[in-house]
Every structure is written in structure tokens, then in C-alpha cells.
Amino acid sequence: MKYFLLLLFSLPCFSQVLFEGVIKDAATKEVLQGASIYVPNSTRGTYSDLEGKFSLVLPITSKEIVVSFIGYTTIKTNIDLSDGKNLNKTIYLREIKNELNEVIVIKQKRDKNWEKMFQVFKTNFIGNSEIAINAEILNPEDLILNEEETPGKYKLTANANKPLQIKNKTTGYIISYELIQFNHIVIGHSQIYTFYLGYPFFKDITKEEKLNQKKIQKKRLEAYLGSPMHFIRALYNQNLTEEGFNVRQLIKTPNPDYPSDTELEKILTEVKQTNDYSLIRKLPQKEINKLETTLLPISKFTIEENEKKLIKFDNYLYVTYIKAAPDEKYLIYSPKSESTFQVSQLKNEDEPVEYFADGNYYNPANLFFYGYMGWKKVGDMLPFDYQP
């Protein structure tokens, strides 16, 4: 998920290495034809041939490889190519079976309730922006959707039997997305949390679909500007201001007027008994926000440790991108104060997050995006080898 550093001078011949090998069944040791081998979040990937063999040229800065095959457990493995030497590996995949040693494939009935869950999933996974709205999931039958609904709370979870195939002619990509986790939680009428994790692989379809190259380039640039990838690249190059990003500290403190867990439980019980949802709407904000007026220097939210660049900060970063206005659909639900520029909030959870020149960062589970960046979803995604 973190790959190359673009340098403005000639690189020696060992800047790329040959990664090759064979994919086999862990139990039978038989070769697997058609397994996917790719660098996640990129266009670099291939498939194993009739003999289970694969060959892939990678930059020496590549850190991870994903290997997947239908009916088998997907693996993500770390690789170290820093010595510039070619790499040859035999990779074993384990078939997914239950306790009776049977292959597991779950199919759900696509009734009205499933269609309702699918629309919630699509909105919160693909997105609803001008660019994302044109993306379609080509294999929705492989989705497994489950919901839990109680007074004041709704939760949707999702996984899939196969990688989701997401086609977006606006950006000119098909994304093969190995979905690991998806959670969408709504509490009351104002608190919405969406978290998803997976391994996307991008295929450029501009030529085979005979798409307009200039329009594709324009839309890709539109998706890139102000995105998390753009922000991380600018942060890495220490030119946030020049690229249009203003960063300030946002301090959130608990609201003393917000009910305790016990009081909240009583309110939800009353809602269930009376169906009076105004009780939830009347709840005060859970936190009080204090936004600092001065811009925050990069040194205040990053550190360097063991030659690694790390994001580390308390509370929140309040990030404003001033070179583009937000999507009109975002403005329907956003505060008026966010109508001129793209406003986002970043939260660093638990551990520092390493960030890279291509705009990637690791571990993604420790860096959360809210506001505008959080509103943009998979339908707006670009591979980390994209260059504007």
C-alpha cells in the first residue's frame, strides 16, 4: 500500500526488480491458475498462468503484495525489495471451508429488504459525488449484507464472496476491490460513522472502452485535487500551503450537558415505547468544538523516527482546501460555513501513521477522515501510481 518515490534525476537500473513465483493450494500443493497478484491501491498486478506462475516488475519501494483467488483466503504479505535483487517465491493459499470441510459460498435472496440495504451500502461505500454517482458494482450478487436496527441506532455490515468489480467510466477505471470489512452506523439523526477496509486493484479501461482521454484526465484531476492522496503528498513534500491546504487544530471536549450512558438508555427506551423520535433530535451535541485561529506548522503534527515520516497528533486536524469548492451534493447536508471551500477533519487514533511520497499511509486503521474527505468514497478513488 506504499510504493514509489518520484525523484527528479535518473535512477539506476535496479530501481525496479522482477518479482516472480508460483501460486499453489496449501493442502494439495496443486498449482492455481488465474490467481490475482497485485500491489494494493495501484495498477500494478497480474494473474497466475496455466502452471500457476506469475511475473511482475515492481519498484524497489514496494512494501506489500496481495494474492487472492476465488474460494481461498486472501493474503497480504510484506515484501522487502530495498536491496534491488530479484525475488522468487512460492505462495500457498488455503481454501475457505467450514467445520465439515465444505467450501463456503453464501448467497442471499435479493428481495426488497436486500435492495434497501444495497442502496445504503452503495451510497456509503461507492459514494454520491458527481464522479462517484456514475460508478456501478458489476457483481452485486456476491455481496453479503446484514443489518441491525434498534431505537436510535442502525448498523449495516457487509462482506463479499468475491472481489467487488466496480466500474466507473468517469474516471476510466475498473476497481477490483477485495472487501475485508464494512461497517455503517447511524446513531440518532446526526451521528453517522462509516468504516471500510480492503485491497483495491485498478485497471485502466480508457482505451478498451474508447473513452474520451481528455475528459478522463480532467475528471481524474478533479478527483485528485483536495483528496487524502493529494494532502498526504503535499505533506510529504512540505508544501501544504502552496498546494492549497490550510491546517489548524480542532479541540473537541465532552459536552457536560450530553446525557450519560444510563440517561441515554432511558431516553432510547422511552423512544421505543412512545415512537417519539423528537427526543433523539433534541439531544445536544456530544462534544464542544474549539477551532484554533492560527495555522498549524507541519512540525506540530508529524515526527521523523528511524528514517520514517510519521503523522502523530492529539485531538483533530481541521483541514481546509481552498483551491476548489465542494461538490454541490455535499452542501445539502453540510454547515453553511463549509460552502465555500472543502473542509475536512482528521483524527489520529492509537499509533502514529507512516506516510509516503505517493500519498499512501499505513496503518489506515489509525487515521480517520471526516467532513469532505470522509464524504468522498471508493467511487472517487485513484491508484497511488496516478500522476496529475
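It should be emphasised that the depicted structure is a prediction, and the values quoted were computed from it without experimental measurement.

## A few points about helix α2 (residues 213-224)
Given a rise of 1.5 Å per residue, twelve residues ought to cover 16 Å, and the 16 Å separating the end C-alpha atoms of α2 matches this to within 8%. Looking only at α2, the buried set comprises Ile-216, Lys-219, Arg-220, Ala-223 and Tyr-224. Relative to the axis of α2, the buried residues are bounded by an arc of 140 degrees and lie together on one face. Facing away from the buried side of α2 by over 90 degrees, the exposed positions are Lys-214, Lys-215 and Lys-218. In this structure Asn-212 caps α2, since a side-chain oxygen of it lies 3.1 Å from the backbone nitrogen of Lys-214. Two residues or fewer past α2, Gly-226 is found with a positive phi of approximately 85 degrees.

## Quick notes on the side chain of Asn-348
In this fold, Asn-348 is placed in strand β19 (residues 342-348). Of the residues examined, Asn-348 reaches a relative accessible area of 9% and is grouped as buried. From its side chain, Asn-348 meets the backbone nitrogen of Phe-313 in a polar contact 3.3 Å long. For Asn-348, the side chain forms a polar contact with the main-chain oxygen of Glu-351, separated by 2.9 Å.

## Details of helix α1 (residues 112-125)
For α1, built from 14 residues, the straight-helix expectation of 20 Å at 1.5 Å per residue is met to within 8% by its first-to-last C-alpha distance of 20 Å. Turning to α1, its buried residues number three or more, namely Trp-114, Met-117, Phe-118, Phe-121, Asn-124 and Phe-125. One side of α1 holds all its buried residues, which, seen down the axis, span an arc of 140 degrees. Its buried side turned inward, α1 meets β8 (136-137), β9 (143-150), β10 (153-160), β11 (164-168), β12 (173-187) and β13 (191-204). The distance from a side-chain oxygen at the start of α1 to the backbone nitrogen of Asn-113 is 3.3 Å, and the residue carrying that oxygen is Asp-111. Looking one or two places after α1, you find Gly-127, whose phi comes out positive at around 105 degrees.

## Quick word on the sheet that holds strand β4 (residues 53-59)
Strands sit in the order β4-β1-β7 across an open sheet of three strands; the sheet is mixed. For this open sheet the edge positions go to β4 and β7 (87-93), each flanked by a neighbour on one side alone. On average, each strand axis in the sheet is tilted by 30 degrees relative to the strand beside it, whichever way the strands run. Judged from the seven bridges that link them, strand β1 (residues 16-25) and β7 form a sheet pairing that is parallel. The residue of β7 that forms the bridge with Phe-19 is Leu-87.

## Some remarks on the packing of aromatic side chains
Inspection of every chain in the model, using the stated rule, returns 20 aromatic pairs. Arranged with centres 5.5 Å apart and planes meeting at 55 degrees, the rings of Tyr-224 and Tyr-386 form a pair that is tilted. Remark: Tyr-386 occurs in the segment after α8 (371-375) and Tyr-224 occurs in helix α2; sequence separation between them is 162 residues. Here Tyr-224 falls in the buried class, since its relative accessible area comes to 7%.

## Here we look at the pattern of salt bridges
Evaluation of the coordinates by the stated rule reveals eleven salt bridges. Measuring nitrogen to oxygen at the nearest pair gives 3.3 Å for the salt bridge that ties Glu-64 to Lys-76. A residue pair is termed long-range when its members are at least 10 positions apart, and Glu-64 in strand β5 (residues 64-68) and Lys-76 in strand β6 (residues 75-78) qualify at twelve residues. On the accessibility criterion, Glu-64 (0% relative accessible area) is buried. By relative accessible area, Lys-76 is classed as partly exposed at 29%. Because the salt bridges share partners, they merge into one network encompassing Glu-130, Lys-219 and Glu-222.

Cut-offs and rules
Residues numbered from 1 in each chain as written. Predicted model: local features only at pLDDT ≥ 70, side-chain atom pairs only at ≥ 80, totals over all residues. Heavy atoms only, no water. Helix = DSSP H or I, 4+ residues; strand = E, 2+ residues; numbered from the N terminus. Expected span 1.5 Å × (residues − 1). Buried < 20%, exposed > 50% of the residue type's maximum accessible area, 1.4 Å probe, protein only. Arc of directions from axis to C-beta. Polar contact = N/O pair within 3.5 Å; in protein donor to acceptor, adjacent residues only side chain to side chain. Contact = heavy atoms within 4.5 Å. Pairing = 2+ DSSP bridges. Axes fitted to C-alpha atoms, helices over the stretch in contact; angles between N-to-C directions. Phe/Tyr/Trp six-rings, centres within 6.5 Å; stacked < 30°, edge-to-face > 60°. Salt bridge = Lys/Arg side-chain N within 4 Å of Asp/Glu carboxyl O.

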